[in-house]
Amino acid sequence: MKKLIAIAASVATLALIGPAAAQSPIIIKFSHVVAPNTPKGQGAEKFKELAEKYTNGKVKVEVYPNSQLYKDKEEVEALQLGAVQMLAPSLAKFGPLGVKEFEVFDLPYILPDKAALARITKGPIGKGLLAKLEPKGITGLAYWDNGFKIMTANRPLIHVQDFQGLKMRIQSSKVLDAQFRALGAIPQVLAFSEVYQAMQTGVVDGNENTPSNVYTQKMHEVQKYMTISNHGYIGYAVIVNKKFWDGLPPDVRTQVDKAMAEATEFANGISQKENDDAIVAMKKAGTTTFHEQTAAEKAEWMKALEPVTQEMASRVGKDLIAAFKKEAGAKSN
Ligand code: LMR
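Quick look at the structure, then. These figures come from a predicted structure and were not determined experimentally. (Residues numbered from 1 in each chain as written. Predicted model: local features only at pLDDT ≥ 70, side-chain atom pairs only at ≥ 80, totals over all residues. Heavy atoms only, no water.)

A look at the sheet that holds strand β7 (residues 186–189)
For the record, the criterion: In this description, strands pair whenever DSSP reports at least two bridges between them. Think of it this way: any DSSP run of H or I at least four residues long counts as a helix, any run of E at least two long counts as a strand, and we number them from the N terminus. With axes taken as lines fitted to C-alpha atoms, and helix axes fitted only over the stretch in contact, angles between N-to-C directions fall between 0 and 180 degrees.
Here 6 strands make up an open sheet; going across it, the order is β7-β6-β8-β5-β9-β11 and the pairing mixed. Lying at the two open borders of the sheet, with one neighbouring strand each, are β7 and β11 (289–292). Ignoring which end each strand starts from, the neighbouring axes of this sheet average 25° apart. Pairing of strand β6 (residues 167–170) with β7, which is carried by 4 bridges, proceeds in the parallel orientation. Note that in β7 the partner of Arg-169 across the bridge is Gln-188.

Following this line, the structure appears as C-alpha cells:
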C-alpha cells in the first residue's frame, strides 16, 4: 500500500513537470527483479549503453535491478502509472494484468528447444501476444530469453511422488499452479525477491527456476538438491509505457528501437552460456547434489504433467495452444 501511495505521488510529480519526453535528457527508468549478472540484467545494461550512444545522450537509461524499486506485481502497476518506463517481466507474470495468454509459455514441455522458441517469438504468435498489451497502456518491444528450468528442494526430486506435500514457490501463473498440483505439491505464489528467505526459513521447501536465477540469488546455499529437468521455460517480454513510447520524438524512438533490437540479440546470445555457467558454478560450490534425469524419469514426469495442458486450455486458449504446438513442433497430448 505504502508503495502504491509512493507510486501515485511520483506520478503526480511527473504530471507537474510534464511528460518524460519533454525532459532533457529523456529518462527511461528500467526496473527489474533479477541480479545484474543474469541474461536479463546484462541485456538491460547493454540496452542502456546502446540507447545512450545512439541518441547521443538525448536518452538516459537508469537500470534498477534486484527489485530495488519494485517487486513483481508492483512493477507492472508502476509501469502503467508511468512511475517507471520499461520492464522485462517473465512471461509467467502477465496473468494478473489480464493477459493470461502469455501463460502458454509456462505449459510443461511445450517448448522442445530454442529454435522453436525463436520461431514463436519472432512469428505471428509472439507478435499477436505483444499486441494484446496495447489496450492495457503497454507496448511490447521484444522477447528476451532466459532458459529452461531446474527443480530445487531439500529432498531429492527424482520421482513424481517426491513432490508429494512439498511447498513449492511459483510465479503468479495459474499454469504453474496447476503444474505443481499435478505433481502433488502445494504451490505458493511469492515475489522473486522473497524466495531466498522463504527457503531459508522453511516457508517454502523448493522452487523451479533457471540455473542463472537460482545461482545469482544464492538459492544453492539453502537448497540441498537440484534436478536438471528442463520441464519448462522462463523468458521475458520487454515492455514500455505506451504513452511514454508514443510521446517520444520519432527520431529518438527510432534510435531507441535500434538499441533494443541489438540488446535483444545480445541478451538472447548469452542466455544459454549464462545458465550453463551457473550450473558449473553451483556444482563447484558443493552445497547441492545435482541429479541429471534419466529418460525413464523424464517420461514419468511428462505423464504426470500431461493433463495440465488440457486443464488450462480454457484459460490460455485452446486455439493458441494448438497454434503454439504446431509452430513448436511439439508432440500433441
Ligand atoms: C521468477 O522466478 O520470478 C523469475 O522469473 C524472475 C525473473 O525475472 O527471471
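Further notes follow.
Some points on the packing of aromatic side chains
For the record, the criterion: Paired rings are identified among Phe, Tyr and Trp, the last through its six-membered ring, by centres lying within 6.5 Å, and are further divided according to the angle between planes into stacked (under 30 degrees), edge-to-face (over 60) and tilted (the rest). Partly exposed describes any residue whose relative accessible area lies between the buried limit of under 20% and the exposed limit of over 50%, with all areas from a 1.4 Å probe on protein chains only and scaled to the type maximum. We count a charge as sitting over a ring when the NZ of a lysine or the CZ of an arginine lies within 6 Å of the ring centre and within 35 degrees of the ring normal.
Within the structure shown, the criterion is met by 8 aromatic pairs. When the ring of Phe-148 is compared with that of Tyr-233, the centres are 5.7 Å apart and the planes differ by 65°; the resulting orientation is edge-to-face. With Phe-148 in strand β4 (residues 138–148) and Tyr-233 in strand β10 (residues 233–241), this pair connects stretches of sequence that are 85 residues apart. Residue classification places Phe-148 among the buried positions, given a relative accessible area of 16%. Site record: aromatic cluster; members linked through ring pairs are Phe-30, Phe-47 and Trp-144. Above the face of the Phe-266 ring, Lys-46 is positioned so that its terminal group lies 4.9 Å from the ring centre. For Lys-283, the ring lying beneath its charged end belongs to Phe-290, and the centroid distance is 5.7 Å.

Describing the sheet that holds strand β3 (residues 86–87)
The criterion, for reference: Whether two residues are in contact is decided by their heavy atoms, any of which lying within 4.5 Å being enough.
Spatially, β2-β1-β3-β10-β4 is the arrangement adopted by the 5 strands of the open sheet, whose pairing is mixed. Taken across any chain shown, the strands that pair with only one partner, and hence form the sheet edges, are β2 (59–64) and β4. One ladder, built from 9 bridges, connects β4 with β10; its direction is antiparallel. Along β10, the bridge assignment pairs Phe-148 with Tyr-233. Relative to β4, helix α5 (residues 124–131) is tilted by about 130°, and along the sheet it contacts β4 and β10.

Section: the nonpolar core
Proteins that are soluble and globular tend to have nonpolar side chains buried together. Heads up, the condition is: Each nonpolar core is a collection of buried residues, namely Ala, Val, Leu, Ile, Met, Phe, Trp, Tyr and Cys, held together in the definition by side-chain atoms within 4.5 Å.
One finds Phe-102, Val-104, Phe-105, Leu-111, Leu-133 and Phe-163 to be the most contacted residues of the largest nonpolar core, which totals 56 residues. Ignoring anything within four residues of it in the chain, the contact list for Leu-111 reads Phe-105, Ala-116, Leu-117, Ile-120, Phe-148, Tyr-233 and Phe-324. Formed by 28 residues, the second largest nonpolar core is a distinct cluster that contains Ala-44, Leu-50, Leu-248 and Ala-267.

Concerning the site of the ligand
The criterion, for reference: Residues are classed as near a molecule or strand on a simple rule: at least one heavy atom within 4 Å of it. Counting of polar contacts relies on pairs of N or O atoms within 3.5 Å, with two restrictions inside protein: one atom must be capable of donating a hydrogen and the other of accepting it, and residues adjacent in sequence are counted only when both atoms are side-chain atoms. Only the protein chains shown count as cover for residues, and the accessible areas themselves come from Shrake-Rupley with a 1.4 Å probe. Think of it as three bins: nonpolar holds Ala, Val, Leu, Ile, Met, Phe, Trp, Tyr, Cys and Pro, charged holds Asp, Glu, Lys and Arg, and polar takes everything else, Gly as well.
Taken together, Val-33, Val-34, Lys-40, Ser-90, Lys-93, Arg-169, Gln-171, Phe-192, Asn-209, Asn-213, Ile-234 and Tyr-236 make up all the residues around the ligand. Within the side chain of Asn-209, one N or O atom sits 2.8 Å away from an oxygen atom of the ligand. Within the side chain of Asn-213, one N or O atom sits 2.8 Å away from an oxygen atom of the ligand. Out of a free accessible area of 270 Å², the ligand has 100% covered by protein chains. Residues that form the shell around the ligand fall into these classes: 5 nonpolar, 4 polar and 3 charged.

Details of the side chain of Lys-40
Note the cut-off: Note that His is not counted, nor are the chain ends; the positive residues are Lys and Arg, and the negative ones are Asp and Glu. Take a side-chain nitrogen of Lys or Arg and a carboxyl oxygen of Asp or Glu: if they are within 4 Å of each other, that pair is a salt bridge.
Along the chain, the position of Lys-40 falls in helix α2 (residues 39–54). Nearest to the buried, unbridged Lys-40 among oppositely charged side chains is Glu-75, at 5.7 Å. Not counting residues within four places of it along the chain, the set of residues in contact with Lys-40 comprises His-32, Val-33, Val-34, Ala-88, Pro-89, Trp-144 and Tyr-236.

A word on the pattern of salt bridges
As enumerated under the stated definition, the model contains 18 salt bridges in all. Two residues, Lys-60 and Glu-62, come together in a salt bridge whose shortest N-O distance is 3.8 Å. In this structure Lys-60 comes out as partly exposed when scored by relative accessible area, which is 36%. Residue Lys-283 is joined to Glu-292 by a salt bridge in which the shortest nitrogen-to-oxygen separation is 3.6 Å. Connected through shared salt-bridge partners, Asp-72, Lys-93 and Arg-169 make up one network.

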